[in-house]
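What follows is the residue order along each chain.
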Amino acid sequence: MTISMHSASAPVFVRMLDNMTEWLLKAKAHAEAKPFSTDVYLQLRLAPDMLPLPRQIQICSDAAKGCIARLAGQAAPSFEDNEATLDELIERLRKTRDYVLSVPAEAVDGSEAREVSIPRRNGEPFKFSGIDYLRHFALPNFYFHAGMTYALLRQAGVPLGKMDYLGA
């Protein structure tokens, strides 16, 4: 049995985007129960030079929609990166999920050899085959920032466990 490019990407992104949405909903409930403002979460970082929680979520969103779009040979939808509340971050995760689900499997399948170019701020773009881009860039980048989001929320006391990360 072989695995398709679509089944190795879209459902993987959707599952974690759904999990992340649940984490933010738990964060809201945690803040309401204590009580404190959910705005506290927006400044969370593990180190002074680390990007804060909203940026971690924005990068996850960009990684998922960018990967699906590149593999499908499409332009990814552009989001403004201006989310300033947990509700807005939840909405971004849901919009990203909806976009990923909107791209038909047929548009992604067969993209193993498609050339994918990732612009860089300085220097030549990264160039990959579709399969290498998915396995060695898009998924690791997505999971890195999802993991940081999870860690930031855990560090802030949100009652999350391993099954929240992995999903039901």
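In what follows, the structure referred to is the one given above.
Within each chain, residue numbers correspond to sequence positions counted from 1 in written order. In keeping with the model being predicted, local features are shown solely for residues with a pLDDT of at least 70 and side-chain atom pairs are shown and tallied solely at 80 or more, while totals for entire chains, interfaces and linings include all residues. Computation of side-chain values covers all heavy atoms of the structure but excludes hydrogens and water.

**Student:** Where do I start with the packing of helix α2 (residues 53–72) against helix α5 (residues 130–155) in this structure?
**Tutor:** It is at 9 Å that the axes of α2 and α5 come closest, and there the two elements cross at 160 degrees. It follows from the interaxial angle that α2 and α5 lie roughly antiparallel. Note on packing geometry: the crossing formed by α2 with α5 is left-handed. Judged by residue contacts, L53, Q56, I57, I59, C60, A63, A64, G66, C67, R70 and L71 of α2 engage G130, Y133, L134, A138, N141, F142, H145, A146, M148, T149, L152 and L153 from α5. As a working rule, the residues Ala, Val, Leu, Ile, Met, Phe, Trp, Tyr, Cys and Pro are called nonpolar, Asp, Glu, Lys and Arg charged, and the rest polar, with Gly in that last group. Here the contact of α2 with α5 is composed, by residue class, of 16 nonpolar, six polar and one charged. Orientation is described by axes fitted as lines to C-alpha atoms, over the contacting stretch for helices, and by angles from 0 to 180 degrees between their N-to-C directions. The helix and strand labels rest on DSSP assignments: H or I over at least four residues marks a helix, E over at least two residues marks a strand, and numbering proceeds from the N terminus. Just so you know how the angles are binned, under 35 degrees is roughly parallel, over 145 roughly antiparallel, 65 to 115 roughly perpendicular, and the rest oblique. In this scheme the handedness of a crossing depends on how the near helix is turned from the far one: anticlockwise by less than a right angle means left-handed, clockwise means right-handed. Pairs of residues are marked as contacts when any of their non-hydrogen atoms sit within 4.5 Å.

**Student:** What should I look at first to understand the environment of S9 in this one?
**Tutor:** Along the chain, S9 falls in the segment before α1 (10–33). Here the alpha-carbon distance between S9 and E80, two residues 71 residues apart in the chain, equals 24 Å. Each residue touching S9, except ones within four places of it in the same chain, is listed here: I68, L71, V108 and L134. Between N or O atoms, a polar contact is any pair within 3.5 Å; within protein, one atom must be a potential hydrogen donor and the other a potential acceptor, and residues adjacent in sequence are included only when both atoms are from side chains. Within polar-contact distance, the side chain of S9 engages the backbone oxygen of M5 at 2.7 Å.

**Student:** How do you make sense of unusual backbone geometry when you look at a structure like this?
**Tutor:** Across the chain, the bulk of peptide bonds are trans and the bulk of non-glycine residues have phi less than zero. Of note, the amide linkage connecting K34 to P35 takes the cis form, showing an omega dihedral of -15 degrees. Inspection of the secondary structure assignment puts P35 in the loop between α1 and α2. A positive phi angle, near 60 degrees, is found at D81, a position not held by glycine. Of note, D81 is situated in the loop between α2 and α3 (86–102). Overall, the relative accessible area of 32% leaves D81 in the partly exposed class. Here the term buried applies to any residue with accessible area under 20% of the maximum for its type, exposed to any over 50%, and partly exposed to those in between, with areas from a 1.4 Å probe on protein chains only.

**Student:** Can you walk me through the pattern of salt bridges in this structure?
**Tutor:** Any carboxyl oxygen of Asp or Glu within 4 Å of a side-chain nitrogen of Lys or Arg constitutes a salt bridge here. Considering all chains together, one arrives at 10 salt bridges under this definition. For D62, the salt bridge identified is with K65, shortest N-O distance 3.3 Å. Residue D62 and its partner K65 are located together in helix α2, separated by three residues, close to a single helical turn. Assessed through its relative accessible area of 26%, D62 is described here as partly exposed. By relative accessible area, which is 6% here, K65 ends up buried. In the salt-bridge network here, residues are joined through shared partners; they are R55, D62, K65, D81, E83 and R92.

**Student:** Please explain the nonpolar core as it appears in this structure.
**Tutor:** As a rule of thumb, nonpolar side chains are buried together in soluble globular proteins. Within the largest apolar cluster, 49 residues are counted, with the highest numbers of intra-cluster contacts made by Y41 and L153. Looking at this core, the elements with two or more residues in it are α1, α2, α3, β1 (115–118) and α5. With near-sequence residues (within four places) excluded, Y41 lies in contact with A27, H30, A31, F36, L53, L86, L153, A156 and V158. To define a nonpolar core, start from buried Ala, Val, Leu, Ile, Met, Phe, Trp, Tyr and Cys residues and group those joined through side-chain atoms within 4.5 Å.

**Student:** It is not clear to me how the packing of aromatic side chains should be interpreted in this structure. Could you clarify?
**Tutor:** Stacked, edge-to-face and tilted labels apply to pairs of Phe, Tyr and Trp rings (six-membered ring for Trp) whose centres lie within 6.5 Å, assigned for plane angles under 30 degrees, over 60, and everything in between, in that order. Within this structure, the stated rule accounts for 11 aromatic pairs. The interplanar angle of 25 degrees and the centroid separation of 6.0 Å between the aromatic rings of Y133 and F137 together place this pair among those described as stacked. One end of the pair is Y133 and the other is F137, both in helix α5 and four residues apart, which spans about a single turn. What makes Y133 buried here is its relative accessible area of 2%.

**Student:** I keep staring at the packing of α1 against α3 and nothing clicks. Help me out?
**Tutor:** Packed helix pairs are specified by the crossing angle of their axes together with the interaxial distance, meaning the distance between the axes. At a minimum axis separation of 9 Å, α1 and α3 run at an interaxial angle of 165 degrees. The orientation of α1 with respect to α3, classified from their angle, is roughly antiparallel. Here α1 runs over α3; the crossing is left-handed. For the pair α1 and α3, contact is made by A10, V14, L17, D18, M20, T21, L24, L25, A27 and K28 and by L86, D87, L89, I90, L93, R94, T96, R97, V100 and L101, respectively. Per-class residue counts for the contact of α1 with α3 are 13 nonpolar, two polar and five charged.

Just distances and angles here, no functional claims.
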